[in-house]
Amino acid sequence: MQEIQRVAIVGAGAMGGMYAAHFAEAGFEVVFVASGERAARLRDGLTVNGTPLLADVVDAESPGDATAADLMIFAVKDQHLNEAIREAEVIVGSQTIVLSVMNGLDSEERIAHGLACTLDRRRVLLCIALAMDAEREGRDIRFRQAGKLVFGHPRNDEPDEVVTAVQRALTRAQLAWETPADMRHELWWKFMVNVGMNQTSAVLRAPYGALQPDGDPRSLMSALIDEVVLVAAAEGVPMTEADVERWHRVLANQPAEGWTSMAQDVLAGRPTEVETFAGRMVALGEKHGIPVPYNQAMLWILRSTTPH
Ligand SMILES: NC(=O)C1=CN([C@@H]2O[C@H](COP(=O)(O)OP(=O)(O)OC[C@H]3O[C@@H](n4cnc5c(N)ncnc54)[C@H](OP(=O)(O)O)[C@@H]3O)[C@@H](O)[C@H]2O)C=CC1
Ligand SMILES: CC(C)(CO)C(=O)C(=O)O
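Residues numbered from 1 in each chain as written. Chains lettered and ligands numbered in written order. Predicted model: local features only at pLDDT ≥ 70, side-chain atom pairs only at ≥ 80, totals over all residues. Heavy atoms only, no water.

**A short note on the environment of Arg280**
Inference 1: Its place among the elements puts Arg280 in helix α10 (residues 274–288).
Inference 2: Residues Arg280 and Leu105 lie 175 residues apart in sequence; the distance between their C-alpha atoms is 8.9 Å. (Helix = DSSP H or I, 4+ residues; strand = E, 2+ residues; numbered from the N terminus.)

**Here we look at the sheet that holds strand β7 (residues 97–100)**
Inference 1: Pairing in this open sheet of 5 strands is parallel, and the strands run β5-β2-β1-β6-β7 from one edge to the other. At either end of the open sheet lies a strand with only one pairing partner, and these are β5 (56–59) and β7. Neighbour-to-neighbour, the strand axes of this sheet turn through a mean angle of 25 degrees, independent of strand direction.
Inference 2: One ladder, built from 4 bridges, connects strand β2 (residues 29–34) with β5; its direction is parallel. Residue pairing for β5: Val33 is matched across the bridge by Val58.
Inference 3: Along the sheet, helix α2 (residues 36–43) makes contact with β2 and β5, crossing β5 at roughly 170 degrees. (Pairing = 2+ DSSP bridges. Axes fitted to C-alpha atoms, helices over the stretch in contact; angles between N-to-C directions. Contact = heavy atoms within 4.5 Å.)

**A closer look at the pattern of salt bridges**
Inference 1: Following the criterion strictly, the structure yields 19 salt bridges and no others.
Inference 2: For Glu37, the salt bridge is made with Arg41, and the minimal N-O distance between the two is 2.9 Å. Pair noted here: Glu37 and Arg41 are both in helix α2, with a separation of 4 residues, about one helical turn.
Inference 3: Glu37 sits in the exposed class, given a relative accessible area of 54%.
Inference 4: One connected set of salt bridges, linked through shared partners, spans Asp133, Glu135, Arg144 and Glu257. (Salt bridge = Lys/Arg side-chain N within 4 Å of Asp/Glu carboxyl O. Buried < 20%, exposed > 50% of the residue type's maximum accessible area, 1.4 Å probe, protein only.)

**Some remarks on the domain arrangement of the protein chain**
Inference 1: Structurally, the protein chain comprises domain 1 (6–181) and domain 2 (184–305).
Inference 2: For domain 1 versus domain 2, the distance between C-alpha centres works out to 24 Å.
Inference 3: Each partner contributes residues to the interface: domain 1 has 25 residues there, and domain 2 has 28 residues.
Inference 4: Buried area between domain 1 and domain 2, both sides added, is near 2200 Å², and the carbon and sulfur share of it is 54%.
Inference 5: Interface area lost by domain 1 to domain 2 is led by Asn103, Leu105 and Ile128, which between them contribute 30%.
Inference 6: Inspection of the domain 1/domain 2 interface yields 3 salt bridges.
Inference 7: Salt-bridge contacts for Lys77 lead to Asp265; the nearest nitrogen and oxygen are separated by 2.9 Å.
Inference 8: Inspection of the region where domain 1 meets domain 2 yields 11 residue pairs in polar contact (both at pLDDT 80 or more). (Domains from an automatic or database assignment. Buried area = accessible area lost by both parts, 1.4 Å probe. Polar contact = N/O pair within 3.5 Å; in protein donor to acceptor, adjacent residues only side chain to side chain.)

**Brief notes about the site of ligand 1**
Inference 1: Not every one of the 27 residues close to ligand 1 is listed here, only the nearest: Met15, Glu87, Asn103, Arg136 and Glu273.
Inference 2: Note that an oxygen atom of ligand 1 is positioned 2.9 Å from one of the side-chain N or O atoms of Arg38.
Inference 3: Glu83 places a polar side-chain atom, nitrogen or oxygen, 3.4 Å from a nitrogen atom of ligand 1.
Inference 4: Elements with a minimum of two residues in the shell around ligand 1: α1 (14–25), β2, α2 and α3 (81–88).
Inference 5: Broken down by element, the residue count for the shell around ligand 1 peaks at 3 residues, all from α3.
Inference 6: Taken together, the residues of the shell around ligand 1 sort by class into 14 nonpolar, 5 polar and 8 charged.
Inference 7: If you count residues domain by domain, the shell around ligand 1 takes at least three from each of domain 1 (6–181) and domain 2 (184–305). (Near = heavy atom within 4 Å. Nonpolar A, V, L, I, M, F, W, Y, C, P; charged D, E, K, R; others polar.)

**Focus on the packing of helix α6 (residues 183–204) against α10**
Inference 1: Put simply, α6 and α10 touch, their axes get as near as 10 Å, and they point 110 degrees apart. Our classification of the angle between α6 and α10 gives roughly perpendicular. For the pair α6 and α10, the sense of crossing is left-handed. Contact residues: α6 offers Trp188, Phe191, Asn194, Val195, Asn198 and Gln199, while α10 offers Val274, Thr276, Phe277, Ala278, Arg280, Met281 and Leu284.
Inference 2: Its residues assigned to classes, the contact of α6 with α10 comprises 8 nonpolar, 4 polar and 1 charged. (Parallel < 35°, antiparallel > 145°, perpendicular 65-115°, else oblique. Left-handed = near helix turned anticlockwise from the far one by under 90°.)

**So, the UniProt feature "domain: Ketopantoate reductase C-terminal" (unreviewed entry) in the protein chain**
Inference 1: Mapped onto this structure's residue numbering, the UniProt feature "domain: Ketopantoate reductase C-terminal" (unreviewed entry) falls at residues 182–303.
Inference 2: Each end of residues 182–303 is marked by a C-alpha atom, and these two atoms are 34 Å apart; helix forms 71% of the span and strand 0%. (UniProt positions renumbered as here; feature names shortened; annotations may be inferred.)

Here's what the structure looks like:
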């Protein structure tokens, strides 16, 4: 049985920092991968919930003899993924297991394709990260709840060594996890959540609390979610009322004063993942002849009001 000990993370932001702190605290060897000026900045360190985080940094432009990671976690924004895959190459070996905690439908596919020369496809697991409220401001990362990682192969029907190794590592790092049977459904479920929640919070510049009670913000979120339900059905992934209810239960337990990753980007004047959410929805709507006017509006508004 493979034992995970060396954990590499590309993307030392809100999510990457939160996971790095868990693994470091549990005695794993943690290393950040970046390049050039970003790597140099990272060597100055981060704080996570006020505690300094000590992790090695591998500069992908001068990696030296960096040994391969047992587990590689991708935690960049979607628009930085291609660059991150190139950087990760310096620390991925044939036995590395990969998780992407990124939002969107296809980061795993892109990573598996990008690392195909080194890595068997089955070592890139599907993953969604759920119910955390990780935030960052400069070098300071904060979270109130670490949520859960839901991961595995597209069908998790059989016991599997790669999945078991990750389960054991997450348990040791005190991170909650789940390995459900149907991961494709989970990816679409999370996409539905992000299209509704992230985009509404971003255009309204609103924290979770604004979408918890009935009212206009929640109605906008629901209208965006309804469009995903239609498109998902056309893609062969049925989303039911129970799926929507499941999100409502998660949302009810999010800290009212917490912010989605996309709202944080808007407030910080950074580019957003709108192409990953509304952009993808508009493309899928066109493909299936399904009108998605709320997502089209999100695309126009966020493209017009945020840098890209
Ligand atoms: N925050 C949350 O609660 C959640 C976020 N997610 C998803 O997780 C992913 C990461 O989100 P989040 O952590 O919030 O994002 P952040 O913007 O906080 O962090 C992204 C980090 O990636 C770094 N980065 C960008 N390009 C590279 C590169 N080429 N090499 C190395 N590092 C790079 C950035 O560095 P720099 O600042 O120097 O540009 C930044 O530190 C996104 O897909 C998001 O949607 C999913 C669930 C919850
Ligand atoms: C679901 C949510 C809103 C937090 O878990 C998220 O994925 C994000 O902030 O990007």
